[in-house]
There are 2 protein chains.
Amino acid sequence: MKPTPNRTRQNDPEGLRTRVLDAAADLFQERGYHATSMKDLMQATGVSGGALHHHFPTKKSLALAVIADRVAPAVRRTWIDPIRAAPSLAKGITGVFAEIVSAVDARSRVAGCPLNNLALELVLSDPNFRSAIDAVFVEWQSALVERIAGTRGGARLDRAKRTDAAAFIISVYSGAMTLAKSKQNSLSLRSAASVLSHWLREREFAVELGA
Amino acid sequence: MKPTPNRTRQNDPEGLRTRVLDAAADLFQERGYHATSMKDLMQATGVSGGALHHHFPTKKSLALAVIADRVAPAVRRTWIDPIRAAPSLAKGITGVFAEIVSAVDARSRVAGCPLNNLALELVLSDPNFRSAIDAVFVEWQSALVERIAGTRGGARLDRAKRTDAAAFIISVYSGAMTLAKSKQNSLSLRSAASVLSHWLREREFAVELGA
């Protein structure tokens, strides 16, 4: 006997979890955490209240899973992995901004950076949200610090100064994305990319050690 | 006969409006728009549902009033007026960051920039929110463009490039404040101030025309 679609769902808890996390990540990104109800999620996914609560007993547990399993991987995919894989820090940053600008231009609306969106909405409301969000920022900053250390300008700096420089790069991007979302266009991201690339050259972060 | 406190309130619609706007601005800043209910506002202000609805028929009308009458003036007080009044653009920006860092350090928690907080939460949800928020960014950007035009480096640029430079300054601040809120400390703001001040010198935005 072939299982009915409903039985398939019941027999596929990982598939159900994936569907709920995908829908929650989308709705949090589009409307925000507080504006999304568990009922919205049931409607978006077709998952019953019982099954939803089985996987995520509270909305908070769902948000923590979204941060760990959707937002953190998005930051890795968009920023951390390309920065690590790039032939140089400068090319990495230029490439990341170019990808983000293309993605923004290809869409009719700018929803912004999922990490920033959740950060501003949630860090004050709960210490677990705050540490989950901060962990993503720390991972992002560490990847930048590592690449900064490998540049001529970065090699001259101590760890604190490299961390400052990494925080600056993240700040520029985060703020430009806030403006891009407010204005619903990519102008601030383009301008940030160009100023940042100038800044990297000027600080000798654009020259790799041994290059 | 002396009026009772309650009668005073009834006879003082402006006072009531002020109290509601103050409480709404605080709650939106602390928790966000969606996490604040009209009931929370009634409890925070002691204003009745009827009186609240008389002044603000919808939560949206209240948020638009908060943006126009609390958030925009806060941006003017913190950024626009000091930048206009400063002896130079560079001193203005250094002074603004120093004030913000002191304010952040003096408090036990970092609630962030009220404009950024509402921007990320609201711009996608409603075109009226978006234009109200964008108007504040435009005013802020214009004040910076005007001061940039009066510097040696800025005088060489066309209006588009000056606008880019202004957007960059706002981006750096906004992003640094997002990190400050996520980490609950002022480190990213200090680092942004120092890098920005270096950038202003490097672009000759730190030299006023005729100086």
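What counts and how
Residues numbered from 1 in each chain as written. Chains lettered and ligands numbered in written order. Predicted model: local features only at pLDDT ≥ 70, side-chain atom pairs only at ≥ 80, totals over all residues. Helix = DSSP H or I, 4+ residues; strand = E, 2+ residues; numbered from the N terminus. Buried ≥ 20, exposed ≤ 12 C-beta atoms within 10 Å, placed from the backbone. Contact = placed C-beta atoms within 7 Å. Core = buried A, V, L, I, M, F, W, Y, C linked by C-beta atoms within 7 Å. Least-squares fit on C-alpha atoms with pLDDT ≥ 70 in both. Domains from an automatic or database assignment. Nonpolar A, V, L, I, M, F, W, Y, C, P; charged D, E, K, R; others polar. Bend = angle between axes of the 7 residues up to and from the residue. Axes fitted to C-alpha atoms, helices over the stretch in contact; angles between N-to-C directions. Parallel < 35°, antiparallel > 145°, perpendicular 65-115°, else oblique.

Novice: Please clarify how the overall build of chain A should be interpreted in this entry.
Specialist: Within chain A, the secondary structure is distributed over 11 helices and 0 strands. Listed by position from the N terminus, the elements making up chain A come as α-α-α-α-α-α-α-α-α-α-α. In terms of overall dimensions, chain A has a C-alpha envelope of 65 × 40 × 30 Å along the principal axes. Within chain A, the fraction of its 211 residues that count as buried is 45%.

Novice: Help me understand the environment of A:G46 in this model?
Specialist: Residue and element names in this part refer to chain A. With respect to the element layout, G46 can be found in the loop between α3 (38–45) and α4 (49–55). Judged by the 13 C-beta atoms lying within 10 Å of it, G46 falls in the partly exposed class. Taking the C-alpha atoms as reference points, G46 and R19, 27 residues apart in sequence, are found 9.5 Å from one another.

Novice: Any chance you could explain the interface of chain B and chain A here in plain terms?
Specialist: For an interface, size is often stated in terms of accessible area lost upon the parts coming together. Facing 40 residues of chain B, the contacting portion of chain A comprises 40 residues. Of all the secondary structure elements, the ones that give two or more residues to the side of chain B that touches chain A are α7 (114–122), α8 (127–149), α10 (159–183) and α11 (187–202) of chain B. The dominant element in the side of chain B that touches chain A, judged by the number of residues it contributes, is α10(B), at 15 residues.

Novice: Looking at this model, I keep getting lost on the nonpolar core. Mind explaining?
Specialist: What tends to happen in soluble globular proteins is that the nonpolar side chains get buried as a cluster. In terms of nonpolar packing, the biggest core is built from 132 residues, with A:I133, A:I169, B:I133 and B:I169 touching the most fellow members. Those residues in contact with B:I133 that lie beyond four places of it in its chain are A:S182, B:I67, B:L115, B:L118, B:A119, B:L122 and B:V123.

Novice: Help me understand the relation of the copies chain B and chain A in this model?
Specialist: For the pair of chain copies, the relating transformation is a rotation about an axis with a translation along it. The transformation that overlays chain B on chain A combines an axial shift of 0.0 Å with a rotation of 180°, and the residual RMSD is 0.0 Å. Viewed as a symmetry operation, the transformation between the two copies matches a two-fold axis. Of every C-alpha in chain B, the one belonging to B:G175 sits nearest the axis of rotation, 1.9 Å from it. Of the residues that chain B buries at the interface, 100% are likewise interface residues in chain A, meaning the two copies contact each other through the same surface.

Novice: Would you mind showing me how to read the environment of A:G153 here?
Specialist: Residue and element names in this part refer to chain A. Topologically, G153 is positioned in helix α9 (residues 152–155). On the basis of neighbour counts, which here come to 20 C-beta atoms within 10 Å, the residue G153 falls in the buried class. For the pair formed by G153 and E208, sequence separation is 55 residues and the distance between their alpha carbons is 8.6 Å. Sequence-distant contacts of G153, that is, excluding residues within four places in its chain, are made with R203, E204 and F205.

Novice: How should I be thinking about the domain arrangement of chain A in this particular structure?
Specialist: Residue and element names in this part refer to chain A. For chain A, the domain assignment lists domain 1 (1–57) and domain 2 (66–202). Using C-alpha coordinates to define each centre, domain 1 is positioned 30 Å away from domain 2. Contacts between the two partners involve 9 residues from domain 1, matched on the other side by 9 residues from domain 2. Looking at the side of domain 1 that touches domain 2 residue by residue, the class counts come to 5 nonpolar, 3 polar and 1 charged.

Novice: How should I be thinking about helix α5 (residues 59–85) of chain A in this particular structure?
Specialist: Because each turn of an α-helix spans 3.6 residues, side chains separated by three or four positions in sequence point in the same direction. Of all the bends in α5(A), the greatest, near 45°, is centred on A:R76. The complete set of buried residues in α5(A) reads A:L62, A:A63, A:V66, A:I67, A:V71, A:A72, A:W79, A:I80 and A:I83.

Novice: I would appreciate a short explanation of the packing of helix α5 (residues 59–85) of chain B against α7(B) in the present structure.
Specialist: Packed helix pairs are characterised by how far apart their axes lie and by the angle those axes make with each other. Residues and elements named next belong to chain B. At a minimum axis separation of 9 Å, α5 and α7 run at an interaxial angle of 130°. In terms of orientation, α5 and α7 fall into the oblique class. Contacts between α5 and α7 involve I67, V71, A74 and V75 from the former and P114, L115 and L118 from the latter. Class assignment for the residues of the contact of α5 with α7 results in 7 nonpolar, no polar and no charged.

Novice: Would you mind showing me how to read the environment of A:R159 here?
Specialist: By the element assignment, A:R159 lies in helix α10 (residues 159–183). Sequence separation of A:R159 and A:V123 is 36 residues, and the distance between their C-alpha atoms is 26 Å.

Novice: Please explain the packing of helix α11 (residues 187–202) of chain A against α10(B) as it appears in this structure.
Specialist: Direction vectors running N to C along α11(A) and α10(B) enclose 85°, while the axes themselves pass 9 Å from each other. The orientation of α11(A) relative to α10(B) falls into the category roughly perpendicular. The residues of α10(B) that touch α11(A), namely those facing A:S188, A:S191, A:A192 and A:V195, are B:D164, B:A167, B:F168 and B:S171.

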